[in-house]
Amino acid sequence: MSRFGSLGDSPASFLLAGIRVIDPAEPEDAVRDVAVLEGRIVHPTGLPDGVRRIEGRDLVAAPGFCDLHTHLRVPGGEAAETIESGTRAAAHGGFTTVCAMPNTEPPLDERARVAAVNGLSAAARVRVVAAATRGRAGERLTDYSELAAEGVVGVSDDGAAIVDPRLVRGALAYLADLGLPLIEHAEEARLAAGTLMRSGRMATRLGLNGWPPSAELTVVERDIALAAETGGWVHFTHITTAGGLDAVRRAKERGLHVTCDVTPHHLALTDAWVGGHRGFAWDDAGEPNLERAYDGATRVNPPLASRDDALALLDGLVDGSIDAIATDHAPHPPERKLVEFAAAAPGMIGLETALSLGLAAVEAGRLGLVRLVEALSAGPAALIGEARGLAIGQVADLVVFDPAARWRVERDALASRSANTPLLGMELPGVVQLTVADGRMTFEA
């Protein structure tokens, strides 16, 4: 039976013998021993007799994963997730840090609310992304100086872009002095109004209003121009279109402070899933299965991408144009998803399936394992100022997984309080065997 721990436990000691170590910080991809003594990585000869030995054959040790985009639903949404369940889901997925988004009730838009969540870490570190505007209403900026003093890693009105470009310009100028990003949900609200899935042949076939890729590109190009003027840092979360990605790529070539992340479901799933298809983006598109169509679990915001866009995103991840994989873990109780498609709350859980979807892309030859590890660990961690690495002397912060082992996504296999994912019933590669955060064992299979 799996066991969960917490950051309040005693530091761990163990030896990973003959394990494949992938450490983007060095960089390193080699088979060796990894020794941990009282929570810190040491030379194997420094371990005393009797320390637990874990055979590493066929396993991979990597720096602990960092999720830039997690909805923990605290405060106000505890029916869907709690700090305990959400951080256990993180540990089960190999994550040692999660960044809690401000879409809560009430929103995380003032220092006291941020402080309350900052103090609730359990099986993973919780960092906070605060609201960019008061009440996430898009009318008045929050007090960025106070929020920065409380340790937030960025600000965002996630769920919607800030509509007023003057406000965005002011936010970027203010944040530039603090070294923090505006984390933007790139979606032009008027173009997206009333839409339910990505525009295209599948939307037409299903009779659903289509979300145009221009809804993303419009905001991406606007915010890049404002970042250029102000010297501010804009981070586009859950980028979903080839056009948006190309704009980010060009901005980076100009030396602008522009970064982005992509979700596992926008890499691996496509709009065909709304029509009941259950193949991955790199597979043949296949025919829709109308008996499975209109599943509320496939409704996300931004909507699932077209196959062409998903493959373009994969290429952007491979070439480094995309900085990180972020889950956009969005738990919902059954009553908000087991309804007709138009009424379903957008979002799916992702902390426990992120590694597996990435490994499916690796198995398909679309992504390298080393790049996958980097995009889940060192890449996102660097964006929030956290170090990641497996060198001697560092505090142990790592994940051990079996890339070839399979598991079936079932309600009973999940640590999250919610199970809203269209992956239920599917067999996926990649089983996390051990997660160690801040030297403490937070998950063991």
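Residues numbered from 1 in each chain as written. Predicted model: local features only at pLDDT ≥ 70, side-chain atom pairs only at ≥ 80, totals over all residues. Heavy atoms only, no water.

**Student:** Tell me what's going on with the overall build of the protein chain, and back it up with residues and numbers.
**Tutor:** Of regular secondary structure, the protein chain possesses 13 helices and 19 strands. Radius of gyration (C-alpha) of the protein chain: 21 Å, near the 22 Å computed for a compact globule of 445 residues. Principal-axis analysis of the C-alpha atoms places the extent of the protein chain at approximately 65 × 50 × 45 Å. Across the 445 residues in the protein chain, those meeting the buried criterion constitute 60%. Looking at the protein chain alone, contacts between residues at least 24 apart form 75% of all its contacts between residues at least 6 apart. When the accessible surface of the protein chain is summed, it comes to about 16500 Å², and 49% of that surface belongs to carbon and sulfur atoms. (Helix = DSSP H or I, 4+ residues; strand = E, 2+ residues; numbered from the N terminus. Rg over C-alpha atoms; globule rule 2.2 N^0.38 Å. Buried < 20%, exposed > 50% of the residue type's maximum accessible area, 1.4 Å probe, protein only. Contact = heavy atoms within 4.5 Å. Areas by Shrake-Rupley, 256 points an atom, 1.4 Å probe, with all protein chains shown as cover.)

**Student:** So, the packing of helix H8 (residues 242–253) against helix H10 (residues 307–318): which residues are in play, and what are the values?
**Tutor:** The N-to-C vectors of H8 and H10 enclose an angle of 25 degrees; their axes lie 9 Å apart at closest approach. One element, H8, and the other, H10, form an angle in the roughly parallel class. On H10, the residues that touch Ala-242, Leu-245 and Arg-249 of H8 are Asp-309, Ala-312, Leu-313 and Gly-316. Per-class residue counts for the contact of H8 with H10 are four nonpolar, one polar and two charged. (Axes fitted to C-alpha atoms, helices over the stretch in contact; angles between N-to-C directions. Parallel < 35°, antiparallel > 145°, perpendicular 65-115°, else oblique. Nonpolar A, V, L, I, M, F, W, Y, C, P; charged D, E, K, R; others polar.)

**Student:** Provide a residue-level description of the side chain of Lys-337, including the pertinent values.
**Tutor:** Looking at where Lys-337 falls in the secondary structure, it is placed in the loop between strand S16 (324–325) and helix H11 (354–363). Despite its burial, Lys-337 pairs with no opposite charge, the nearest such side chain being Asp-295 at 7.3 Å. A polar atom in the side chain of Lys-337 sits 3.2 Å from the backbone oxygen of Arg-299. When sequence neighbours within four positions are dropped, the list of residues in contact with Lys-337 reads Gly-296, Ala-297, Arg-299, His-332, Ala-344, Ala-345, Pro-346, Gly-347 and Asn-420. (Lys, Arg positive; Asp, Glu negative; His and termini not counted. Salt bridge = Lys/Arg side-chain N within 4 Å of Asp/Glu carboxyl O. Polar contact = N/O pair within 3.5 Å; in protein donor to acceptor, adjacent residues only side chain to side chain.)

**Student:** Can you tell me about the pattern of salt bridges, naming the residues and giving the values?
**Tutor:** The final tally for this structure, using the stated rule, is 27 salt bridges. Here the salt bridges share partners, and the residues they tie into one network are Arg-125, Arg-127, Glu-386, Arg-388 and Asp-397.

**Student:** Could you give an account of H10, naming the residues involved and the relevant values?
**Tutor:** Between its first and last C-alpha, H10 extends 17 Å over twelve residues, near the 16 Å set by a 1.5 Å rise per residue. When we look at burial in H10, the residues that qualify are Asp-309, Ala-310, Leu-311, Leu-313, Leu-314, Gly-316 and Leu-317. Trailing H10 by a residue or two, Gly-320 shows a phi angle of about 90 degrees, which is positive. (Expected span 1.5 Å × (residues − 1).)

**Student:** An account of helix H1 (residues 83–92) is requested, with residue identities and associated values reported.
**Tutor:** With eight of ten residues buried, H1 is to be regarded as a mostly interior element. Inspection of H1 places Ile-83, Ser-85, Gly-86, Thr-87, Ala-89, Ala-90, Ala-91 and His-92 among the buried residues, and these make up the whole buried set. Of the surrounding secondary structure, the elements contacted by the buried residues of H1 are strand S1 (3–4), strand S8 (95–100), strand S9 (125–131), strand S18 (427–437) and strand S19 (440–444). Just downstream of H1 lies Gly-94, where phi reads positive at about 95 degrees.

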